Amino acid sequence: QVQLVQSGGGLVQAGGSLRLSCAASGRTFSRNGMGWFRQAPGQERDFVAAIDGPGGLTLYADSVKGRFTISRDNAKNTVYLQMNNLNSEDTALYYCAARESVGLPRARYQYDYWGQGTQVTVSS
């Protein structure tokens, strides 16, 4: 059974940094696309970032480009999201996601597995 277990997150002041981790178990995702999404209260779950398996290509939402970095450690079957210079608009529940195939799409429906979610709250 595939599981994505998230860690990290919490409360941080504006301008601070946090790192989220997402460890996969049940299968290897080293050649698969993985991503991060976030959902603020009353809003849709939005794309944040994605990383492909084979070449490590990355894709970011415009709102986080230059501040967030997605990376992966295939030996640990884990994907990370380093978030710097956080602001109040980054406050949300963050989810990691994994695909059955390669690619780094922005659409939620193109991901097959999801983590449990972790809260990030940025205080101003």
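Structure: see above.
Residues numbered from 1 in each chain as written. Predicted model: local features only at pLDDT ≥ 70, side-chain atom pairs only at ≥ 80, totals over all residues. Heavy atoms only, no water.

### Points about the sheet that holds strand β8 (residues 78-83)
For step 1, the next point in the chain: With antiparallel pairing, 4 strands are arranged side by side in an open sheet as β1-β3-β8-β7. Of all strands in the sheet, those bounded by a partner on one side alone are β1 (3-8) and β7 (68-73). Within the sheet, the average angular offset between the axes of one strand and its neighbour, ignoring direction, is 15 degrees. (Pairing = 2+ DSSP bridges. Helix = DSSP H or I, 4+ residues; strand = E, 2+ residues; numbered from the N terminus. Axes fitted to C-alpha atoms, helices over the stretch in contact; angles between N-to-C directions.)

### Details of the nonpolar core
For step 1, the next point in the chain: Formed by 33 residues in total, the largest nonpolar core has its most connected members in W36, L81, M83 and Y94.
For step 2, the next point in the chain: Elements represented by at least two residues in this core include exactly β3 (18-25), β4 (34-39), β5 (45-51), β7, β8, β9 (92-98) and β11 (118-123). (Core = buried A, V, L, I, M, F, W, Y, C linked by side-chain atoms within 4.5 Å. Buried < 20%, exposed > 50% of the residue type's maximum accessible area, 1.4 Å probe, protein only.)

### Focus on the side chain of D52
For step 1, the next point in the chain: Positionally, D52 belongs in the loop between β5 and β6 (58-60).
For step 2, the next point in the chain: Despite its burial, D52 pairs with no opposite charge; the closest candidate is R72, at 5.6 Å N-O.
For step 3, the next point in the chain: A polar contact of 3.0 Å, which involves the side chain of D52, links it to the backbone nitrogen of G103.
For step 4, the next point in the chain: In this structure, D52 is in contact with N32, G33, L57, R72, V102, G103 and L104, ignoring residues within four places of it in sequence. (Lys, Arg positive; Asp, Glu negative; His and termini not counted. Salt bridge = Lys/Arg side-chain N within 4 Å of Asp/Glu carboxyl O. Polar contact = N/O pair within 3.5 Å; in protein donor to acceptor, adjacent residues only side chain to side chain. Contact = heavy atoms within 4.5 Å.)

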